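As a plain string of letters, each chain reads:
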Amino acid sequence: MQEKRPIGIFDSGIGGLTVAKAINRLLPNESIIYYGDTKHLPYGDKSVSTIKRYAKGISSFLVKQNCKCIIIACNSASTAAFSDIHSLFSNTIPIYNVVDPLVEKIIELDYNNVGLIATKATVASNVYKTKLQSKKRNINVASLATPLLVPMIEEGFYKNEISSSVINEYLKYEPFNTIETLLLACTHYPLIKNEVEGYFKGKVDVHDSTDVVAQWVQKELNKRNLLSEQNLAQHKFYFSDITPAFKVAAKMFFEKPISVTLHDIWV
Ligand code: DGL
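Attention here is on the structure that accompanies the text.

Quick notes on the rules
- Starting afresh in each chain, residues are numbered from 1 along the sequence in its written order.
- At least 70 in pLDDT is required for a residue's local features to be given in this predicted model, at least 80 for side-chain atom pairs to be given and counted, and no such filter applies to totals for whole chains, interfaces and linings, which use all residues.
- Excluding hydrogens and water, the side-chain figures rest on all heavy atoms present in the structure.
- Note on pairing: two strands pair once DSSP finds at least 2 bridges between them.
- Helix and strand definitions here come from DSSP, where helices need a minimum of 4 consecutive H or I residues and strands a minimum of 2 consecutive E residues; each element is numbered from the N-terminal end.
- Every axis in this analysis is a line fitted to C-alpha atoms, fitted for helices over the stretch in contact. Angles between the N-to-C directions lie between 0 and 180 degrees.
- We call a residue near a molecule or strand as soon as one heavy atom of that residue lies within 4 Å of the molecule or strand.
- Here a polar contact is recorded for every N or O atom pair within 3.5 Å, except that within protein the pair must consist of a potential hydrogen donor and a potential acceptor, and residues adjacent in sequence are included only if both atoms are side-chain atoms.
- Reported accessibility uses the Shrake-Rupley method at a 1.4 Å probe radius. Residues are deemed covered only where the shown protein chains occlude them.
- Just so you know the grouping, Ala, Val, Leu, Ile, Met, Phe, Trp, Tyr, Cys and Pro go in nonpolar, Asp, Glu, Lys and Arg go in charged, and all remaining residues, Gly too, go in polar.
- The buried label goes to any residue with under 20% of its type's maximum accessible area, the exposed label to any with over 50%, and the partly exposed label to all in between, with areas taken from a 1.4 Å probe on protein chains only.
- This arc is taken over the directions from the axis of the helix to the C-beta atoms.
- A pair of aromatic rings is counted whenever rings of Phe, Tyr or Trp (Trp by its six-membered ring) have centres within 6.5 Å, and the orientation is called stacked for planes under 30 degrees apart, edge-to-face for over 60 and tilted otherwise.
- The criterion is simple. A nonpolar core is a set of buried Ala, Val, Leu, Ile, Met, Phe, Trp, Tyr and Cys residues joined through side-chain atoms within 4.5 Å.
- Contact definition: two residues touch when any of their heavy atoms are within 4.5 Å.
- For each structure, a 1 Å grid was placed over the protein atoms alone; sets of points admitting a 1.4 Å probe that cannot get out are labelled cavities, open sets with protein on both sides within 12 Å along at least five of seven lines are labelled pockets, and lining residues have an atom within 4 Å of a point.
- Grid points are joined across faces, edges and corners, and a volume is the space filled by probe spheres set on the points.

## Quick notes on the sheet that holds strand β7 (residues 181-184)
Part 1 of the reasoning: Ordered by their spatial adjacency, four strands build an open sheet running β6-β5-β7-β8, and the pairing between neighbours is parallel. A single partner strand is all that each edge strand has here, and the edge strands are β6 (140-145) and β8 (205-208). Averaged over all adjacent pairs, the angle separating strand axes in this sheet is 20°, with direction ignored.
Part 2 of the reasoning: Sheet topology places β7 next to β8; four bridges connect them, and they run parallel. Residue pairing for β8: Leu184 is matched across the bridge by Asp208.

## Describing the site of the ligand
Part 1 of the reasoning: Of all residues adjacent to the ligand, which total 13 residues, the nearest are Ser12, Tyr43, Gly44, Asn75 and Ser76.
Part 2 of the reasoning: Asp11 places a polar side-chain atom, nitrogen or oxygen, 3.0 Å from a nitrogen atom of the ligand.
Part 3 of the reasoning: Between Ser12 and the ligand, the recorded distance is 2.5 Å, taken from a side-chain N or O atom to an oxygen atom.
Part 4 of the reasoning: When the ligand sits alone it has 290 Å² of accessible area, and the protein chains cover 99% of it.
Part 5 of the reasoning: Along the lines of polarity and charge, the residues of the shell around the ligand split into five nonpolar, seven polar and one charged.

## A closer look at helix α6 (residues 127-135)
Part 1 of the reasoning: Turning to α6, its buried residues number three or more, namely Val127, Tyr128 and Leu132. Take α6 and look down its axis: the buried residues cluster within an arc of 120°, on one side only.

## A few points about the packing of aromatic side chains
Part 1 of the reasoning: Evaluated as defined, the whole model comprises eight aromatic pairs.
Part 2 of the reasoning: Ring centres of Tyr199 and Phe200 lie 5.0 Å apart, and the angle between their planes is 90°; this geometry places the pair in the edge-to-face category.
Part 3 of the reasoning: Through a chain of ring-to-ring contacts, three or more aromatic side chains come together here, namely Tyr34, Phe237 and Phe239.

## As for the nonpolar core
Part 1 of the reasoning: Counting residues in hydrophobic clusters, the biggest one holds 71 residues, and the most contacted among them are Leu17, Ile23 and Leu182.
Part 2 of the reasoning: Ranked by residues supplied to this core, first place goes to helix α10 (residues 211-223) with six residues.
Part 3 of the reasoning: Not counting the four nearest positions on each side in its chain, Ile23 is found in contact with Ile7, Ile9, Pro28, Ile32, Ile71, Ala214 and Val217.
Part 4 of the reasoning: Ile33, Phe61, Cys67 and Ala80 belong to the second-largest nonpolar core, a separate cluster that totals 24 residues.

## Observations regarding the layout of surface pockets
Part 1 of the reasoning: Computed from the structure, the largest pocket encloses a volume of approximately 300 Å³.
Part 2 of the reasoning: Contributing to the lining of the largest pocket are 15 residues, with Thr18, Lys21, Pro190, Leu191 and Glu255 lying nearest its centre.
Part 3 of the reasoning: When residues in the lining of the largest pocket are grouped by element, the largest group, three residues, is from helix α1 (residues 17-26).
Part 4 of the reasoning: In terms of residue class, the lining of the largest pocket is built from five nonpolar, three polar and seven charged.
Part 5 of the reasoning: When its volume is computed, the second largest pocket comes out at roughly 200 Å³.
Part 6 of the reasoning: If you go around the second largest pocket, you meet 11 residues; those closest to its centre are Thr38, Glu154, Glu155, Thr243 and Phe246.
Part 7 of the reasoning: Of the residues forming the lining of the second largest pocket, the biggest block, three residues, is contributed by helix α11 (residues 244-254).
Part 8 of the reasoning: Across the lining of the second largest pocket, the residue classes tally to six nonpolar, two polar and three charged.

## Examining the environment of Ile51
Part 1 of the reasoning: Of note, Ile51 is situated in helix α2 (residues 48-64).
Part 2 of the reasoning: The class for Ile51 is buried, based on a relative accessible area of 0%.
Part 3 of the reasoning: Separated by 26 residues in sequence, Ile51 and Ala77 place their C-alpha atoms 6.1 Å apart.
Part 4 of the reasoning: Those residues in contact with Ile51, other than ones at most four positions away along the chain, are Tyr43, Lys46, Ser76, Ala77, Ala80 and Ala121.

## Description of the sheet that holds strand β3 (residues 69-72)
Part 1 of the reasoning: Across the sheet, which stays open at both edges, the six strands sit in the order β4-β3-β1-β2-β9-β10 with parallel pairing between neighbours. Edge positions in the open sheet fall to β4 (95-97) and β10 (260-262), since each of these has one partner strand only. With strand direction ignored, the average angle separating the axes of adjacent strands in the sheet is 20°.
Part 2 of the reasoning: Pairing of β3 with β4, which is carried by three bridges, proceeds in the parallel orientation. Across the sheet, Ile70 pairs through a bridge with Ile95, a residue of β4.
Part 3 of the reasoning: The sheet strands contacting α1 are β1 (7-11), β2 (32-36), β3 and β9 (236-239), and the helix crosses β2 at an angle near 170°.

Next up, the structure:
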């Protein structure tokens, strides 16, 4: 019976829908409960203690919704709060982050010179660099905080001249001249993946945490006998704040019509 329980996924806003979409594509039998904390977006500019507080509140909500696992589909929350969330809830349900699957992929592909763009919180945490260097001591990791990108994407500015000039300006960062791969270490950034690839003209492999996370979760749930075998998937998308522009953006992120529900767990 329990394998029919939904997968819980959360992010500060709509970025985590890129992960939800990949999960839905790979695991179409799985129901998803998504929570986007749009009231507190962006997390990437907040302190570690604040991000932890938000991540704990949402994880408690997802546990109460009877989820069979939680995916922290936000790099800022994964880097700031995963250890705490894991200690608090992993006795009850498995907790997954978006960092480990991408780190594993980069090690498997055996790169030596890695670039990374992310929010200020993710870059300041140094979590990617620490995890990559713990598995491959001499790997070089050049990280750049790109805080304009999340609000730009949330406002629908991608695949246009404004996004191109912002992206190009950031990617001129000198340490990126010698990288073999660039990690899009923010779940909003898959929306600008083509533009980033275009900037490097095929000379740099660009990786994000969508399909790698979906594959990781598939493997983990399979190991625990938690995959759903019946095609009865029903999704719920909750957000702590909703504006009309946001509804349009949410549909673009998930690439399927979704019905969004306002549910403020903070009142
Ligand atoms: N999607 C979040 C991440 O992966 C970024 C958005 C934010 O700053 O809240 O870090």
